[in-house]
Amino acid sequence: MFTVKTHPFTPAALVALLLILVLAALARFTYPGAVEFKHDEATLSLLALDWLAGGEFPLTGMPSSVGVPNAPASVYVMALPYALGADALSATWFVAGLNVTGVGLLWLIVYRYFGFAPALVTGLVYALNPWVILYSRKIWAQDFHTPFLLLALFLGLYGFLEGRRWAQVLCLPVMLFALQIHFAAWVLLPLYLWLVVIGGRRVLPLALLVSVLLGALVLMPFALGIAQTVENRPDRLANVLNRSGSGLAFREEALIYTIGLAAGLGVEGEGMSLEKSTLTQELPGFSVLWLGVYGAAALIGLAASWRYGWHLAGLVWGWALLPLLAFSVSWTEVYPHYFIGSLPAYALLIGVGVAQLATVGAGRSSPLRWLGFLALALFCLLPLSQGYYWSRLIAFADTTYRRQDSFATPLRYLLEVRDTLAQERDVIVLTDGFKMQYDQEPVIWSVLLHNTAACVRALAGPEVIVYPQAAFVVLTAPNAPPALPDLLPYQNSTQERFALRAGEGEYTLRRFEGLSTAFTPNAESQFDNGAEFLGHEQLGDQVAIHWRLPGPIQHDYQFFVHFLDLNGERSSQHDGDFLPGRFWCAGDEVVVNVPLPAGTQSLRVGLYRLTPDGGFVNAQVLDEAGQPYDSAVSFPLAQTG
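From a predicted model like this one, the values you see are computed outputs, not experimental measurements.

(A) Focus on the pairing of strand β10 (residues 532–539). Bridge analysis of strand β9 (residues 520–527) against β10 gives four bridges, and the strand direction is antiparallel. Following the sheet pairing, Q526 is matched in β10 by E532. Counting the residues between successive antiparallel strands, the hairpin from β9 to β10 contains four residues, one of them, G530, with a positive phi of roughly 100°. For β10 and strand β11 (residues 542–548), the ladder comprises seven bridges, and the chain directions are antiparallel. Bridge pairing in β11 places G535 opposite H546. Linkage of β10 to β11, two consecutive antiparallel strands, is achieved through a turn of two residues, within which G540 is found at a positive phi near 60°.

(B) Examining the state of the cysteines more closely. Counted by the stated rule, this structure contains one disulfide. In this model C455 forms its disulfide with C585; the gap between the sulfur atoms is 1.6 Å. Measuring the twist about the S-S bond at about -75°, one finds the C455-C585 disulfide to be left-handed. Placement of C455 in strand β4 (residues 455–459) and of C585 in the loop between β13 (570–577) and β14 (589–595) is noted, with a sequence separation of 130 residues between them. The class of C455 is buried, set by a relative accessible area of 13%.

(C) Summary view of the packing of helix α1 (residues 11–29) against helix α4 (residues 88–114). Between α1 and α4, the least distance of the axes is 10 Å, while the angle of their chain directions is 150°. Here α1 is positioned roughly antiparallel relative to α4, judged by the angle of their axes. Between α1 and α4 the crossing geometry is right-handed. Taking contact as the criterion, the partners of A13, L17, I20, L21, A24, A25, R28 and F29 in α1 are, on α4, W93, A96, G97, N99, V100, V103, G104, W107 and Y111. Here the residues of the contact of α1 with α4 are counted per class, giving 13 nonpolar, three polar and one charged.

(D) Fine view of helix α20 (residues 441–448). Counted residue by residue, α20 has eight buried out of eight residues, so it is predominantly covered. Three or more residues of α20 are buried, namely E441, P442, V443, I444, W445, S446, V447 and L448.

(E) Main features of the nonpolar core. With 156 residues, the main nonpolar core has F37, M272, W319 and W445 as its most contacted residues. Looking at this core element by element, the count peaks at 15 residues for α4. Once you skip the residues sitting within four places of it in the chain, W445 turns out to touch L414, V417, R418, L421, V429, H450, V456, L475 and Y507. Listed in part, the 44 residues of the second largest apolar core include F533, F578, L603 and L637.

(F) Main features of the pattern of salt bridges. Summed over the entire model, instances satisfying the criterion amount to 15 salt bridges. Ionic pairing is found between D426 and R457, a salt bridge with its closest N-O pair at 2.9 Å. Placement of the pair is D426 in strand β3 (residues 426–430) and R457 in strand β4, with a sequence separation of 31 residues. The exposure classification of D426 matches that of R457, with both residues buried. As a salt-bridge pair, R457 and D588 come within 2.7 Å of each other at their nearest N and O atoms. Placement of the pair is R457 in strand β4 and D588 in the loop between β13 and β14, with a sequence separation of 131 residues. The same class applies to R457 and to D588, which are both buried. Connected through salt bridges with shared partners, the residues E36, K38, E41 and K138 form a single ionic network.

The rules behind these values
- Residues numbered from 1 in each chain as written.
- Predicted model: local features only at pLDDT ≥ 70, side-chain atom pairs only at ≥ 80, totals over all residues.
- Heavy atoms only, no water.
- Pairing = 2+ DSSP bridges.
- Helix = DSSP H or I, 4+ residues; strand = E, 2+ residues; numbered from the N terminus.
- Disulfide = S-S within 2.5 Å.
- Buried < 20%, exposed > 50% of the residue type's maximum accessible area, 1.4 Å probe, protein only.
- Axes fitted to C-alpha atoms, helices over the stretch in contact; angles between N-to-C directions.
- Parallel < 35°, antiparallel > 145°, perpendicular 65-115°, else oblique.
- Left-handed = near helix turned anticlockwise from the far one by under 90°.
- Contact = heavy atoms within 4.5 Å.
- Nonpolar A, V, L, I, M, F, W, Y, C, P; charged D, E, K, R; others polar.
- Core = buried A, V, L, I, M, F, W, Y, C linked by side-chain atoms within 4.5 Å.
- Salt bridge = Lys/Arg side-chain N within 4 Å of Asp/Glu carboxyl O.

In structure tokens, the structure reads:
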């Protein structure tokens, strides 16, 4: 059994902690509106908001980049600020504040078990590393698992090294919660096993048993969610298996990302897609210095960590290197955010390495003692240079648009549009296609207008058109096809324009008091999904099918039109995307426009949804008693000349 050496708090330590927290807060809260709010941020927000609005308890989170759903832990975290009435900007501040707390937790771990100098350097490096800042300030699941991981590691060290039973109980459930926030963090689970091993005789079996039971409770929602996914969406798991069909492959990206993340290099390129900006011309001199000094310090830190005991060295080595080992041989693409959980370990290695260099030849009477202090003070300027570079980088991204896949529209531009729409109840968003995987406009505005608009719809083409019952506004997104507004009946209204960054386009807004439609009424037919068929309008070689919607539904439907000849036989068929279920608003009239083949005498129209196995399920037409009797509505066309 080894002796655990800890460092008590001193006034100097508290001053250092305060300085580090202030710098961390400045880096994360500067330019608060210059943060991305796109598909992932909005989708995660919407999951939390829908749950708070009375939706089902979340058992899974967003789909991951490998195809399977993430755990719902990220939804639970983001429900906290939204439950308190936060908007998207305030929820972003919540994430930034959570990560400032993480900086303090890392400092606490390093100070208590490694000492003042390693904690000072580690805290400064972690507070001001551009990668850490980038991954500390937006509503993205990867951006907020690390504070919970740091809390779990502190509980583990406090519990297993110092024999605190309550900390032993809490360590595992907190760690399992943290690791669920993003699947890539699961590679750090062996750290818990290491903490139990080094605890030795300090481990209380009863505390361990209670901890395991609590951990099982933490995992239960996700376990149920995975079981439901296997039952209801086997295609998602099949997709993962298809990705792994080529087998394991060595990926040098893991080593490249590890080096870049540790040294604070590459955030302007890999992280923000701004590598061609004029700003990056400042970087070459800095990059050599950061890579050389941080790289050397980290390597020294790997060796010097053994001075603090094998128990701490093993933890730090595993923390820093497990993701590198796990993702060097992988069956899927590797991304920088897979390594976020190890960013504190990289900073810790640098802190230990610099502290070791600063103590070379140290002694009360040694002439090198003051040289070590000077070297430590000079090194502390290096993180400040990274903080300065980050401030320049985020200021550049806030005002400069590079290309479509670069840093997305800063939130502050979107909030300007939101504030203008604050009094509007019905909103239609024109965009580039809600069937696209990462079309962000519909979900963005569903979140930003969640507490003000009664209903938000999204349209991507002239085939499906929405007519709300009351006054409404049409918001055209910058990614909408230029010709789309002219193909829709939303004209004759003054436009309000909201310019974005130069070259990024603009949002335009039109207001309408209400639009009427003309059509030949048919006997209204109710479908079992709530949609009502109202009638049709025949205009030359086009026919418009009119529907009324009941309100949002869970499934997305396709529509079909069978064109029947004089003998009642189907001569051709037209299928297309209907309005997605989440955009169905109570009372809306939806008009579907389709080309009308020559010789068509009558039509059969209906709705169906696709199933995961490649099949389909028709919506059924209901009779007056509410019983299904057919899968389509049939009616003749008016015959002319």
